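# Notes for the structure review
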Amino acid sequence: MSVFSLVSRAADITGIITFKGTPPPEYTNNLIMENDYCSQFYSTPPTTHFYVVGNDGGLADVVVYLKDANGNDITGESTGTSQPPVALDQKDCMYTPQILAIQTGQKLEVKNSDQCVHNVHCVPTVSGNEERNEVQMPGGPDLFFTFPKPEMFITFKCDIHQWMFAWVSVFDNPYFDISNTEGKFTIKNVPPGKYTLVADHRKLGAQTQVIDVGDKNVTVNFTFEIKK
Amino acid sequence: MDKKYKEKHNCWLHRFAVLTAVATFLLLAAGGLVTSNGAGLSVPDWPNSYGYSMFAFPPSKWVGGIFYEHTHRLWASVVGLMTTILAVWILLKDSRMWMKWLGLAAFLGVVAQGVLGGLRVIWVDADLGIVHGVVGQTFFILMCAIALFTSRFWKGISEENKLNVPRSLRTVVLATTGLIFVQLILGATMRGQHAGLAIPDFPLAYGQIWPDTSFAALEHYNALSSNPNIITAFQIILQMVHRLVALTIFIGVTVCAVMAWRQLGRRDALTKFALFWLALVMMQIGLGAWTVLSNKAADIATAHLLGGALALMTGALWCIVAFRRSARSLETETVPFGALGTFAGNK
């Protein structure tokens, strides 16, 4: 079988993630208004963005990824070292984006677009991923982070501006995506086989579906709601 | 009191010891504000601050969390200097050998505490932060004890003119004080774990006497929580244990106050001290509730930390005075008493 026919048998997994019901109220950030530099970007106190729900109910910031058919992590398939860095910016005293995903060995490039100092403090919990705390001056060089072990939702925070948080998930394979503001996701070039597809929202938890991937694209949808 | 004894009392040493204890208390407040504002690592280097000498870091750069962390370091330096002066003063002017050792212990303690704080920053070690918090409060007790030992009150205690404190009462106070120390460690661990926001209501926990910590329940709590950190079962249980220990402490302190009233009489200084202790613990429970209900407001959480420190200090000093009065102390000292002759306190 030629390489080209093998490649042509890889398929994409697409889908839409929706939120059913009314999301809980976000938390108002009054602290930011007490900061001389940061408050200039906000006419009213901003809120948290734990739930980003579009007009059609699309739920953003859901990390969608594959496990094997038995629900175990897919490991040893990282292409992270050959991938371009993923950018995390500090802008208007907020991390942008808030939810990211990279591969093991892939660089996370942290930028400071603000004219104030931030400290970039990552707090992984998996052994092998190093906790780091670095100063980043305004106009200073970008900082680079890599993680050798898979881990979900590694916290990045600024201890100077205590409301600043971002969460980075690390996978040992390239089969993941993050849903956009319409709730859409696409995992590209998935080899044929049986998998467990996981949709993980940091506040709402995770849902799974067992899927079969052949040589045609597969569509899988998820619906999240807050159970009483 | 004998005039000759009065002249021997070094009131300025005592006053400086009290001032150092007060400064240490203020340092606890400064340190508490650091953790309450999540600013522990806002200054990533030590002993410098963003490359500046600690004492030359421009105030214009003390922004956000940096303000809390840097002022904490500066005040810690003041306390370090005061402790050093106190230790040298005791070494030179206090004739009691055990006090000289205590002064040395205070000096070594403040140095160790400073190093612990610095290592917590440069090693990025959250567990060291918990140790730093516990050692800080223990050091505060030591400074209060030194203030007590240099006081005229302490030197005036003798078995001739004070009631012995019954062993049963001493034991209950000692046990309750020990429990407060355990509570201190629990509280420090909670603060290190960010478990203070793990339960949003009081006195119930998620509307129940004992909250559901099943997987489904945790998912529900996290979905509704404003806490940026994920709430875990461990954090919830940790806070519940903290609440239960608080209740036990309240019962213990109440028993102490009742026993003191009955056994020592209402006019005895230790009875009054026990009643003060009870009021303090009640206030502390109120502060704990307020911390939860205020969504862990930084100033309220810090006040709760300080209340805990005062409760521990009260119990510790009560025990020290009680054991001294009961003539069970292990130290040997001679204090000129004029017409009363020499008092040897080793039984």
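One numbering rule holds for all chains: residues counted from 1, following each sequence as written. Here chains are named by letter from A upward and ligands by number from 1 upward, in the order in which they appear as written. Reporting in this predicted model follows two pLDDT cut-offs: at least 70 for local features of residues, and 80 or more for side-chain atom pairs to be given and counted; totals over whole chains, interfaces and linings ignore these cut-offs and use all residues.

## So, the overall build of chain B
Threshold: Here a helix means four or more residues in a row that DSSP labels H or I, a strand means two or more in a row labelled E, and each is numbered from the N terminus. Burial is judged by counting the other C-beta atoms within 10 Å of a residue's own C-beta: 20 or more makes it buried, 12 or fewer makes it exposed, and any count in between marks it as partly exposed, with every C-beta position built from the backbone.
When helices and strands are counted, chain B shows eleven helices and two strands. Order of helices (α) and strands (β) in chain B, N terminus to C terminus: α-α-α-α-α-α-α-α-α-α-α-β-β. Expressed as a percentage of the 347 residues in chain B, the buried residues total 36%.

## As for the pairing of strand 6 (residues 108–112) of chain A
All names here are of chain A. To keep it simple, the criterion reads: Should DSSP find at least two bridges between two strands, the strands are regarded as paired.
Of the two faces of strand 6, only one is covered, namely that formed by Leu108, Val110 and Asn112; the face formed by Glu109 and Lys111 stays uncovered. Pairing between strand 3 (residues 86–91) and strand 6: five bridges, direction parallel. Residue pairing across strands places Val86 opposite Leu108, the latter belonging to strand 6. Where strand 6 lies against strand 9 (residues 143–145), three bridges are found, and the strand directions are antiparallel. When the bridges of strand 9 are listed, Leu108 appears paired with Phe145.

## Considering unusual backbone geometry
Along the chain, B:Trp46 connects to B:Pro47 via a cis peptide bond; the corresponding omega equals 5°. Relative to the helices and strands, B:Pro47 is located in the loop between helix 2 (11–36) and helix 3 (65–93). Omega for the bond connecting B:Phe202 with B:Pro203 falls within 30 degrees of zero, at 5°, which places this linkage in the cis form. Among the structural elements, B:Pro203 can be located in the loop between helix 7 (167–193) and helix 8 (215–224). Its identity as a non-glycine residue notwithstanding, A:Phe153 has a phi of 55°, on the positive side. Within the element layout of this structure, A:Phe153 appears in strand 10 (residues 151–157).

## Notes on the environment of B:Tyr50
Counted only if it meets this: Contact between two residues is assigned when their C-beta atoms, built from the backbone, lie within 7 Å.
You can see B:Tyr50 is positioned in the loop between helix 2 and helix 3. Note: C-alpha distance between B:Tyr50 and B:Lys61 (eleven residues apart in sequence) is 9.5 Å. Beyond its immediate sequence surroundings of up to four residues, B:Tyr50 is in contact with A:Val135, B:Val43, B:Asp45, B:Phe57 and B:Lys61.

## Quick notes on the domain arrangement of chain A
Residue and element names in this part refer to chain A. Going by this rule: Domain borders in the structure are assigned automatically or taken from a domain database. Side-chain classes are defined by residue name, with Ala, Val, Leu, Ile, Met, Phe, Trp, Tyr, Cys and Pro counting as nonpolar, Asp, Glu, Lys and Arg as charged, and the others, Gly among them, as polar.
Under the domain assignment used here, chain A contains domain 1 (1–74 + 175–228) and domain 2 (78–174). Taking the mean C-alpha position of each, domain 1 and domain 2 sit 19 Å from one another. Of the residues lining the interface, 18 residues belong to domain 1; the matching set on domain 2 comes to 18 residues. Elements with a minimum of two residues in the side of domain 1 that touches domain 2: strand 2 (63–68) and strand 12 (176–178). Looking at the side of domain 1 that touches domain 2 residue by residue, the classes come out as eleven nonpolar, three polar and four charged.

## Side note on the interface of chain B and chain A
Listed per partner, the contact involves 20 residues of chain B and 20 residues of chain A. For the side of chain B that touches chain A, the secondary-structure elements that each account for two or more residues are helix 3 and helix 8 of chain B. The element contributing the most residues to the side of chain B that touches chain A is helix 8 of chain B, with five residues. Of the residues assigned to the side of chain B that touches chain A, the class counts are ten nonpolar, nine polar and one charged.

## With respect to the sheet that holds strand 3 of chain A
All names here are of chain A. Applied cut-off: In this analysis, axes come from line fits to C-alpha atoms, helices being fitted only over the stretch in contact, and the angle between any two N-to-C directions falls in the range 0 to 180 degrees.
Spatially, 4-3-6-9 is the arrangement adopted by the four strands of the open sheet, whose pairing is mixed. In the strand order of this sheet, the two ends are held by strand 4 (94–96) and strand 9, each with one partner. Geometrically, the sheet is characterised by an average inter-axis angle of 25° between neighbouring strands, direction not taken into account.

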